Amino acid sequence: MSEPQLAVETERLAKTYLDRATKEPVHALKELSLSCRYGEIYGLLGPNGAGKSTTLRILSTMLAPSSGWAKVDGLDVREEPLEVRRRIGFLSATTGLYARLTPRETLQYFGALHGMEPAALEARVDELLDAFRMHEFADRRCEHLSSGQKQRTSIARAVLHDPPLLILDEPTTGLDILATGDMIEFIEARRDSRRCVLFSTHVLSEAERLCDRIGVIHHGRLLASGTLAELREDTGEEWLDGIFKALVRRAEAGSATT
Amino acid sequence: MSRRPGSGDTLRLALVVAKGEFRRLLRDKKAILLAVVLPILAYPAFLLASQKLNSLGQRQIEEREVLVARDLGGLPAPLAEAVRARLDARDEGVRFDEREIAGAREVLETKAPDKERLRDWAEDARGEAYAGLLVALAAKDGAPPALHLVFDGAGEDGIALSTQVLGPLRQLADELESEAYAARLGADPAVSFAFQSFDAAPPKDRQGLALGRFLPLIAVLVLLSGGAFAAIDTFAGEREQGTLETLLSQPVPTIALAWGKYLVVLATAIAAWIGNVVSLVLSASLGLFDLPGLGVEGPGTARILLAGLVFLPTVVLISASLCFLAARARSFREAQAYLLPATLVGAALASPAAAADVQLDLLLALVPLAGPSLALRDAFAGNLQWLPAALAFLSSSVYAALALRRIAVTLDAERLLASPSPKGMDAGADTAQRSIRTALVAVAAVYLAGGWLQSLDLVWGLVATLWGLVLGAALWLARANLRGRGTADRALPANAARGVGPITSLKDALQVCTPGGVSRHVALALSAVFAAPALAQAGRHLVELQSRFLPLPGGADLEPIARALESLSLPALVALFAISPGITEELLFRGAVLRGLFARARAGILPPLVFQAAVFAVMHASIHRLAITFSLGLLLGAITYRSGALWTAIALHAAYNACAVLTDRVPTLDLAHPLWWLGTLPLALLLLRPRPALRARP
Amino acid sequence: MGPGRSPTIRLLPTIRLVALKELRSSLRDSQTLLYTLALPLLLYPALFWVMIQVSSLLESRRQVREVSVAVAYEGEPVAARAAELGARLERATSAPDDGTEPAAGRLSVESVGSPRSQAETNALVLVPDGEKRAAFDLVLWLPNEGEWVAVHNSAQPNSALALTRVETLLADEAQRARREALEEGESLAPLAVERRDLASGREQGAYLISVMVPMLIVLMGVFGAFYPAVDLTAGERERKCEETTLLLPVPRAGLWLGKLAAVAVLSLLATALNLFGIVFAANHLLAMVGAGAIEVTLGARELLLTLPFALVLVILTSAVLTGLASLTQTFKQGQSLLGGAQMLFMAPALASTLPGLELTAGTAPTPIVGLALALRSVLRGGDLEVGLLALTLASHAVYALVAAWIAVRLLAGELHTASDPSALDRLRAAFMPSRRP
């Protein structure tokens, strides 16, 4: 790879549904353009229903964009979904585990689906069990695990193939303090290994602490994107909640005049 | 790294998925116990219990005594003695009480007795309750003396009585008649036609047949229930568990996922089947109940293997259909809800094999489940016909392959994950969906409510069906399609090449506008009237052709209908059977439904035409009219599409029906003359002209 | 001051309130609606239709099949007789001039010239090795002494068909031979036997109903309770609504009885609709297949008399099914367990179809069997055996109450968490109050 590639790049990405009840089109995403680099943690910040999950699902090839394009590691999500999926790890708050498989079996199963060689897979699973301190429950069925243990299993599953891009959809929702701490440490560790993490959250403090750059998203539009410092400068507000409110005000004023 | 996965990869990944799914499935011990092991134990228990109950009932029947009052006063003494001897020789449940029954003879001679009368007769005998009367009437006017058995057929006693008394009496009468012939002619001519039957079938074949007659039904039921457990767990259960998203974000083609899961369902279904057969055979050999066809020598390995082979594609088909149903479902419960209808349809299709005299022929071989079931039976009986069996094998393999292809489509992330309808992006998809649904509901309504109305009064019921139900459905659908077209429909451009697209007005929704000018449609409609006789001739040829391999079964009683119609005048008949269906059915099928289907941008031309013709054919509710109504529907649909409006189809449909009425009523009109074929020319020429563009869209 | 003691909440209003809420939420669920409404009204007629079409298709295919029959004989003494039969059959089976089908169906007759033994004849209807089919579907063989023998091969569909066709053919020929021997209009029949069935079409219909419908009512009572039972117990647990329910400041027994009531009402609704669907479809079907004389209708009197039995039945089925469902954790498990438990009701429900079983002091209190028999006698019309019916009703009411009590005990267990006691433990706990904390 001669030139440094962007981990994620989207251009005028849009997604429109037809609402079943009202029969009116719903614009979940409107012309969203963003980019993330390797070695960067990018946070998508916004209230519930802003379009964060839709963006992340388009990037993980589970939904198709209505218009615009999105590239992961330089590959179009629509053209080469399989190759894109090889390069990402995906985890969301609603992701479940197979209740009747053990964490070790879960990792082995998904490793096999990634086409890893048995020996390499074995070594990688052991490595992950070490890294996430999973040995004591590695052979217990997932249905009997605590929520923190489940969380660690899910994370290990997502990074099993050491993806260059990790997509996390509200990863800390529903976790207790300890588990949240684990998750934050984990995300920071990914930056150190020059990977890209794209995650969505509505928890402002998390974004402030973790993110290299932040994208603020509201009603399917990207209102602003940049480092915390840039955002502070842009809005004149100190903390993220103020920044967010200022951006929303500005966007509403803008849409009122046009 | 950027290598595309080949088919070998797909298979390898499918096996990985299958392995994982198996592990998961087998770990759920409770579910396996309840869904697989319990039925294996329950079926024999159920059979045993019903057999015990049956024998209990049988014993009670045998112990029951039925008392009949007998008055043989009308018979000559020797004949009465013969009757008595014959009846009293039997020691089964019926007992006779010889007594005179006052007035019975007079009543039986003149009119039909009623129950009151029977009760009167029965009660005047010392408080004894007689279940029936046997009264002899003397010979009269050359007619022989008659024995009347009076009973109440709506009760066990009456039914038992009639079967136990009438048989011996008829046999006696026959013997006496035979004797009379012998006395007159020296020999009874009928004797030389008496025969007994001898079954030359080898015991192995006979047992194989007995086994093969009920195995297909059991196979279908068990495969469905056993496979459903796995199908629902691997497809709908995955979704409920929240792991589907994870699975779909793996770098694995969806087809590999579908195949892997499918393999698990297939294996579970087969395992359940084997388990059930073993449990049945075991409990039968332990003497728990009788299993027909389990003789000293079994059917033999060769036959079992052959039977397994011919049924294999059906096993694949059943599992694939299960996966398809389960993958469509959004939850475990929804998947479960599809199961009962599927089971009932499966059982209905597998049932022909239970009749020993139904032969596997080339037509039946094409019917899914029915053909292979018959082949399975024949394989067990040792008389498999190779050609139809191969056809059954091939056709069900094709069905199975089609079903398998559908599974991968159904495992589409877009459909499964997005809660709002993603179809909104295809203009008019909702409109098309609504049209499909309305057409099916209309068929059900015509079948149920219309059938009921017509049983009350044929003529007015038909009027109400056509002008109420059919027209109502057409208008409702047109209005709903217009209102519900949605902003998405309006926003997206129509498929200009096809010349159909979003619905613009109520007239458009019913296809009753006049693109290309009124005169064009008047000309078309007029020419359609002249084309109708030729079309009617073609229809007759089609029906004749069909009757060669699918004749109307005898015994269909059409007389009441014919009688009801005789009273109608010719104009009334034409109005009822030609003009009414011409207008109302066209408005529904070629109008609202076809237009709604065309509103979908991706639909193409042929699928909507075929669908509406198929529903139109099904509405006519008979397998014997399927081909003719389907062809007619297809033709009318094509004409409507080509002319851009409904008028021609209405005229042609009405005139076509009128031909049938006129042929029947006006014999002087020779509609079967070959020259009528020239009448099709104007219509054909007019239709050759290009289809006019639809009106400008707003 | 804390909140004052709330006014005592009485049991019945609680039951009513809970039942209404459960009913409302159940009837908003598309699955429940599908099972209680759409299925009975559409499925049965559709199924009847499919059955008619399938049988019509089979009958058509049967009609066009031609079977081949041979006439053979054992020895020369009977050769002439065999030849005569052959000639007669050929005449009878040749197609009429008007182009219609011959009355006996398509059947070709051939005489097999030389005499042969029965073993040789048998070989004619068997498929020789390597051949596609037998020489004939059936052979009428005349031994030197005695009657004709119709040699057939029951394992061959065509041979089975040939046998039925030959039966009618020979019977017709026998009658014709007798007629030919006599003068025109003469008869030698010494005795006529007449069947005088006094039952009207309606009464025959009532009989048919009384045989089939009790079993169906029991099955529908079970099917109707099935989904609600699982939904309101294991389903509730899965949806994590159990805690919310248990927190309500109402007597627990009222809560559970309310749920049972909701299940029972849904089951009753399903039973009624199913009954309607089946009776409607059956009527339709009978008219269609030309058995128009039999009328299948349910009168108001029968329906009214059926109601108390149906009510007791649905209370029993919903209590049993709900109790069983409460032993399971997930919808899936509940579903599988009840699938097996249905059999408990199905086998005894067959009682109504057995002519020999009657409602007696012995059968009346037998669970489900008595109910099915009582329903049968009610539907059959005529005089009612009030004592026995009351006995049935009373005994089943007792069963229903006991089942409801057990179900409430089972439901009233503790809140179930992930580490649940096994079903056995819960059963034990329900009946040994001392072991419960």
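Computed from a prediction, not measured in an experiment: that's the story for all the values here. (Residues numbered from 1 in each chain as written. Chains lettered and ligands numbered in written order. Predicted model: local features only at pLDDT ≥ 70, side-chain atom pairs only at ≥ 80, totals over all residues. Heavy atoms only, no water.)

A. Examining the overall build of chain A more closely. Helix and strand counts for chain A stand at nine helices and 10 strands. Sorting the 258 residues of chain A into buried and exposed places 55% on the buried side. The contacts in chain A between residues at least 6 apart in sequence include a share of 67% that link residues at least 24 apart. When the accessible surface of chain A is summed, it comes to about 11100 Å², and 49% of that surface belongs to carbon and sulfur atoms. (Helix = DSSP H or I, 4+ residues; strand = E, 2+ residues; numbered from the N terminus. Buried < 20%, exposed > 50% of the residue type's maximum accessible area, 1.4 Å probe, protein only. Contact = heavy atoms within 4.5 Å. Areas by Shrake-Rupley, 256 points an atom, 1.4 Å probe, with all protein chains shown as cover.)

B. Representation of the sheet that holds strand E2 (residues 94-98) of chain B in the model. Ordered in space as E2(B)-E1(B)-E3(B)-E4(B)-E5(C), the five strands form an open sheet in which the pairing is mixed. Lying at the two open borders of the sheet, with one neighbouring strand each, are E2 of chain B together with strand E5 (192-197) of chain C. The sheet shows a mean angle of 25° between the axes of neighbouring strands, taken without regard to direction. Sheet topology places strand E3 (residues 132-137) of chain B next to strand E4 (residues 146-151) of chain B; six bridges connect them, and they run antiparallel. Residue pairing in the sheet places Leu134(B) in a bridge with Leu149(B) of E4(B). (Pairing = 2+ DSSP bridges. Axes fitted to C-alpha atoms, helices over the stretch in contact; angles between N-to-C directions.)

C. Main features of the interface of chain C and chain B. Contacts between the two partners involve 97 residues from chain C, matched on the other side by 114 residues from chain B. Summing the contributions of chain C and of chain B, the shared interface buries around 9700 Å²; its carbon and sulfur component is 65%. Contact with chain B buries surface across chain C, with Arg178(C), Arg196(C) and Leu198(C) losing the most and accounting together for 9% of the total. Between chain C and chain B we count five salt bridges in total. The residue Asp361(B) makes a salt bridge to Arg61(C) at a minimum N-O spacing of 2.8 Å. Linking chain C with chain B are 26 residue pairs in polar contact (both at pLDDT 80 or more), by the criterion used here. In terms of residue class, the side of chain C that touches chain B is made up of 54 nonpolar, 20 polar and 23 charged. One ladder, built from five bridges, connects strand E5 (residues 195-199) of chain B with strand E4 (residues 148-152) of chain C; its direction is parallel. For Phe198(B), the partnering residue across the bridge sits in E4(C) and is Val151(C). (Buried area = accessible area lost by both parts, 1.4 Å probe. Salt bridge = Lys/Arg side-chain N within 4 Å of Asp/Glu carboxyl O. Polar contact = N/O pair within 3.5 Å; in protein donor to acceptor, adjacent residues only side chain to side chain. Nonpolar A, V, L, I, M, F, W, Y, C, P; charged D, E, K, R; others polar.)

D. Geometry of the pairing of E3(B). All names here are of chain B. A large share of E3 lies buried, amounting to six of its six residues. Residues Gly-132, Leu-134 and Ala-136 point to one face of E3 and Leu-133, Val-135 and Leu-137 to the other, with burial holding for every one of them. As paired elements, strand E1 (residues 66-71) and E3 share four bridges and run parallel to each other. Residue Asp-71 lies in a different strand from E3, and its bridge partner there is Val-135.

E. Main features of helix H3 (residues 79-93) of chain C. All names here are of chain C. In a regular helix each residue adds 1.5 Å, so 15 residues correspond to 21 Å; H3 covers 21 Å between its end C-alpha atoms and thus fits that length. Three or more residues of H3 are buried, namely Ala-79, Ala-82, Leu-85, Gly-86, Arg-88, Leu-89 and Thr-93. Tucked into the core, H3 has its buried residues touching strand E1 (67-73), strand E2 (107-111), strand E3 (138-142), E4 and helix H5 (157-181). (Expected span 1.5 Å × (residues − 1).)

F. Representation of helix H20 (residues 518-549) of chain B in the model. With 32 residues, H20(B) should reach 46 Å at 1.5 Å per residue; the first-to-last C-alpha distance of 45 Å fits that figure. Of all bends in H20(B), the biggest is about 40°, found at Ala531(B), and the proline Pro533(B) comes one to four residues later. (Bend = angle between axes of the 7 residues up to and from the residue.)

G. Focus on the packing of helix H17 (residues 458-483) of chain B against helix H22 (residues 570-598) of chain B. Residues and elements named next belong to chain B. Following both chains from N to C, one finds H17 and H22 inclined at 20°, their axes separated by 9 Å at the closest point. In terms of their interaxial angle, H17 and H22 are classed as roughly parallel. As for how H17 packs across H22, the hand of that crossing is left-handed. Between H17 and H22, the contacting residues are Val-459, Leu-462, Val-463, Leu-466, Trp-467, Val-470, Leu-471, Ala-473, Ala-474, Leu-477, Ala-478 and Asn-481 on the first element and Leu-576, Phe-577, Ser-580, Pro-581, Ile-583, Thr-584, Glu-585, Leu-587, Leu-588, Ala-592, Val-593 and Gly-596 on the second. (Parallel < 35°, antiparallel > 145°, perpendicular 65-115°, else oblique. Left-handed = near helix turned anticlockwise from the far one by under 90°.)

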